Amino acid sequence: MRLFVLFLLALAAPLAHAGARDQLDAFGAGMTGMAADFEQRVHAPDGELLESSSGTLKLRAPREFRWEVVQPFPQVIVADGTHVWIHDPDLEQVTVRIQSLEEQGSPLSVLVDPSELDRQFEVVEGVQSDGMSWLALTPRKPEESPFESARLGFDANGLVVMEMSDGLGQRTEVRFSGWQRNPDFDAGTFAFTPPPGTEVVGEMAQAAEVMPLAD
């Protein structure tokens, strides 16, 4: 579930001379969907690299997304607006959850409604460093959040990097590239049907018997 939580943060549109908060606010205007590539690295408290992965992200307002890990082990996470489906092909297993529960305390809504930023987080706009403008986020309900703090780094082209620290001292870094704003998604991008023979587990496993609506 770490992969699901990591990408549900904020992005920004190109805005060469604005601060990070202005960039985020500008992005929400007229946005209906987005897509990007990502590289993710998880570090131990002592800085040791624990794991790394790469793949693609697709998101469509108001509540649909697809997070697909390509390397080193394939994994697909799809939210269809009602349920979140997590497919691990190597395990031949699908975990399904009610989407509203998955979103509780997460920054998913920030992507389509920047006004949610202040409702869910204490936000501090940092100084520019490493050629980027920074936003620091602290959850207002830490008991419901999987992370203690996060930082978002923006350059003139949008969100470049997200850093997140949890209560165990682990630090996760996700770098984004190739942002597409309001792309044309293929039909079925945000629908999921468990492959034949795949075990379905979770709080709403019976949802596997319901065919998601096609795009």
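See above for the structure.
Thresholds applied
- Residues numbered from 1 in each chain as written.
- Predicted model: local features only at pLDDT ≥ 70, side-chain atom pairs only at ≥ 80, totals over all residues.
- Heavy atoms only, no water.
- Phe/Tyr/Trp six-rings, centres within 6.5 Å; stacked < 30°, edge-to-face > 60°.
- Helix = DSSP H or I, 4+ residues; strand = E, 2+ residues; numbered from the N terminus.
- Buried < 20%, exposed > 50% of the residue type's maximum accessible area, 1.4 Å probe, protein only.
- Salt bridge = Lys/Arg side-chain N within 4 Å of Asp/Glu carboxyl O.

Draft legend 1. View of the packing of aromatic side chains. In total, this model carries 5 aromatic pairs according to the counting rule given. Relative to Phe192, the ring of Trp85 has its centre 5.6 Å away and its plane inclined at 35°; by these criteria the two rings are tilted. Of the two residues, Trp85 is situated in strand 5 (residues 83–88) and Phe192 in the loop between strand 11 (171–181) and strand 12 (199–202); the sequence distance between them amounts to 107 residues. In this structure, Trp85 and Phe192 share a single accessibility class: buried. On the numbers, 5.0 Å between centres and 80° between planes, the contact of Phe185 with Phe190 is edge-to-face. Pair check on accessibility: Phe185 and Phe190 agree, each one buried.

Draft legend 2. Here's a closer look at the environment of Ala61. Within the secondary structure, Ala61 is located in the loop between strand 2 (49–60) and strand 3 (64–71). The spatial distance from the C-alpha of Ala61 to the C-alpha of Gly33 is 5.9 Å, given a sequence separation of 28 residues.

Draft legend 3. Highlighting the pattern of salt bridges. Scanning the model with the defined rule gives 6 salt bridges in all. Measuring nitrogen to oxygen at the nearest pair gives 3.2 Å for the salt bridge that ties Glu68 to Arg66. Its relative accessible area of 18% is what places Arg66 among the buried residues. Of the charged contacts, one joins Glu173 and Arg175 as a salt bridge, the two residues approaching to 3.4 Å between their closest N and O atoms. For Arg175, a relative accessible area of 36% puts it in the partly exposed group.

From the geometry alone we can't say anything about function, so treat these as descriptive.
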